[in-house]
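# Secondary and tertiary structure notes
As a plain string of letters, each chain reads:
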Amino acid sequence: MTIPITGHTKLIGLLGDPVSHSISPMMHNEGFRLLGLDYVYLCFRVTEDTLSHVVTGLRDAGIRGFNVTMPCKNQMARLCDHLSPAARLIGAVNTVVCDDGVLTGHNTDGIGFLRAAAREGFLADGKRITLMGMGGASTAIAVQAALDHAAALDIFVRPSSRFFPRARRIEEELNRTTDCRVRILEHGDQKALADSLGHADLLVNGTSVGMAPNTDATILTDCSLLRPDLLVADVIYNPRETLFLKNARQAGCRAFNGLYMTLYQGAEAFRLWTGKDMPTEEIRKKYFC
């Protein structure tokens, strides 16, 4: 793939550490090529210590925008001039748009997940969701689902987890600012989990449990709680089928992994920067099948 660079080429980047493994440059540059857009996407290895200096330099140099990955998402939220509603509630930014030096931070992870769920026929409006964990991906999913008018959201978190204070903050904020009923419940409370799954439309593993190389682990040990009409999702995509998803399919559930969440969160960032829709089907067939 050859990308012509001109005197008018707009720069998009990825900031974080590590970044060399990212599929984002291939994805976005292919989208620019297919649409004939004069943009280029590059990766920059940036740490928390250097982030503010790098952002200042890129803004002064006229960058159009950039993605942000670990470990810089939370710090980036404090460096932006404005935040989208989702980014403000999450407290983390993964996409920045630069308009004449003004930085607006967004978080497209939740949008990406819910667009992937929409491929399976799921729309959050009026639905009940059971979510396991409260790390970065789970928080983004929870916030976006509430903003998209989910009826109820049960989030299971260990009280000993370092994310438990965040979970309580999100519970309070979402109950105060949205019409979604949000509850934080203790991971390990099987009665509460059984009750939640008895009414849920969607079950999501938002943790790293089951990710390679620990593929023999699963967040849900009692598969009798699964119903055939329950949609099941895992944010993990390595392996493509976790034990959690395998058990769900064996119970008759429709299930999907986190691969398309990556595609669609990128597509939303692409739209924010360019005003154009990413040609997701072409990119999906080339990089995600």
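Scroll up to find the structure.
These remarks concern the structure in this document.

Calculation criteria
- Residues numbered from 1 in each chain as written.
- Predicted model: local features only at pLDDT ≥ 70, side-chain atom pairs only at ≥ 80, totals over all residues.
- Heavy atoms only, no water.
- Helix = DSSP H or I, 4+ residues; strand = E, 2+ residues; numbered from the N terminus.
- Contact = heavy atoms within 4.5 Å.
- Pairing = 2+ DSSP bridges.
- Axes fitted to C-alpha atoms, helices over the stretch in contact; angles between N-to-C directions.
- Parallel < 35°, antiparallel > 145°, perpendicular 65-115°, else oblique.
- Nonpolar A, V, L, I, M, F, W, Y, C, P; charged D, E, K, R; others polar.
- Polar contact = N/O pair within 3.5 Å; in protein donor to acceptor, adjacent residues only side chain to side chain.
- 1 Å grid on protein atoms, 1.4 Å probe; cavity = no way out; pocket = protein on both sides within 12 Å on 5 of 7 lines; lining within 4 Å.
- Points joined across faces, edges and corners; volume = space filled by probe spheres on them.
- Salt bridge = Lys/Arg side-chain N within 4 Å of Asp/Glu carboxyl O.
- Buried < 20%, exposed > 50% of the residue type's maximum accessible area, 1.4 Å probe, protein only.
- Arc of directions from axis to C-beta.

## Remarks on the side chain of histidine 106
- Relative to the assigned elements, histidine 106 resides in strand S6 (residues 102–106).
- Aside from chain neighbours lying at most four places away, what touches histidine 106 is Ser84, Ala87, Val93, Asn94, Thr95, Val97 and Leu272.

## Regarding the pairing of strand S9 (residues 181–186)
- Of the pairings in the sheet, the one linking strand S8 (residues 152–157) to S9 comprises six bridges and is parallel in character. Each residue of the ladder has a partner; that of isoleucine 155, found in S9, is isoleucine 184.

## Details of the packing of helix H5 (residues 109–119) against helix H6 (residues 136–147)
- In the contact formed by H5 and H6, the axes pass within 7 Å of each other and the chain directions differ by 75°. Overall, the two elements H5 and H6 adopt an arrangement that is roughly perpendicular. Across from Asp109, Gly110, Ile111, Phe113 and Leu114 in H5, the residues of H6 making contact are Ala140, Ile141, Gln144 and Ala145.
- Here the residues of the contact of H5 with H6 sort into six nonpolar, two polar and one charged.

## Quick look at the side chain of aspartate 109
- Following the sequence through the fold, aspartate 109 ends up in helix H5.
- Within the local environment of aspartate 109, its side chain forms a polar contact with the side chain of lysine 73, the two groups lying 3.2 Å apart.
- When neighbours within four sequence positions are excluded, aspartate 109 is seen to be in contact with Lys73, Asn94, Ala140, Met261 and Gln265.

## A few points about empty space enclosed by the protein
- Taken as a whole and judged by the stated rule, the model has one cavity of 30 Å³ or more.
- Computed from the structure, the largest cavity encloses a volume of approximately 40 Å³.
- Together, Arg128, Ile129, Thr130, Ala152, Leu153, Asp154, Arg181, Ser196 and Ala200 line the largest cavity.
- The class makeup of the residues in the lining of the largest cavity is four nonpolar, two polar and three charged.

## Notes on the pattern of salt bridges
- Taken as a whole and assessed by the stated rule, the structure comprises 16 salt bridges.
- Between aspartate 99 and arginine 64 there is a salt bridge, with the nearest N and O atoms lying 2.6 Å from each other. With aspartate 99 in strand S5 (residues 95–99) and arginine 64 in the loop between helix H2 (51–61) and strand S3 (65–68), this pair connects stretches of sequence that are 35 residues apart.
- Owing to a relative accessible area of 39%, aspartate 99 belongs among the partly exposed residues under this scheme.
- The exposure class assigned to arginine 64 is buried, which follows from its relative accessible area of 18%.

## Here's the deal with helix H8 (residues 190–199)
- Residues of H8 that are buried: Ala192, Leu193, Ser196 and Leu197. Down the axis of H8, the buried set is contained in an arc of 125°. They therefore lie on one face.
- Contacts from the buried residues of H8 go to strand S7 (128–132), S8, S9 and strand S10 (202–205).
- Sitting at the amino-terminal end of H8 is aspartate 189, which places a side-chain oxygen 3.3 Å from the backbone nitrogen of lysine 191.

## Thoughts on the sheet that holds S3
- Sheet architecture is open: six strands sit in the order S2-S1-S3-S5-S6-S4, paired in mixed fashion. Two strands in the sheet have a free side with no partner beyond their single neighbour: strand S2 (39–45) and strand S4 (82–83).
- The pairing of S4 with S6 spans two bridges and is classified as parallel. Across the sheet, the residue bridging to histidine 82 is threonine 104, located in S6.
- Sheet strands touched by H2: strand S1 (10–16), S3, S5 and S6. Its angle to S1, the strand with the most contacts, is close to 175°.
- Across the sheet, helix H10 (residues 259–274) lies against S1, S2, S3, S5 and S6, angled at about 5° from S5, the strand it touches most.

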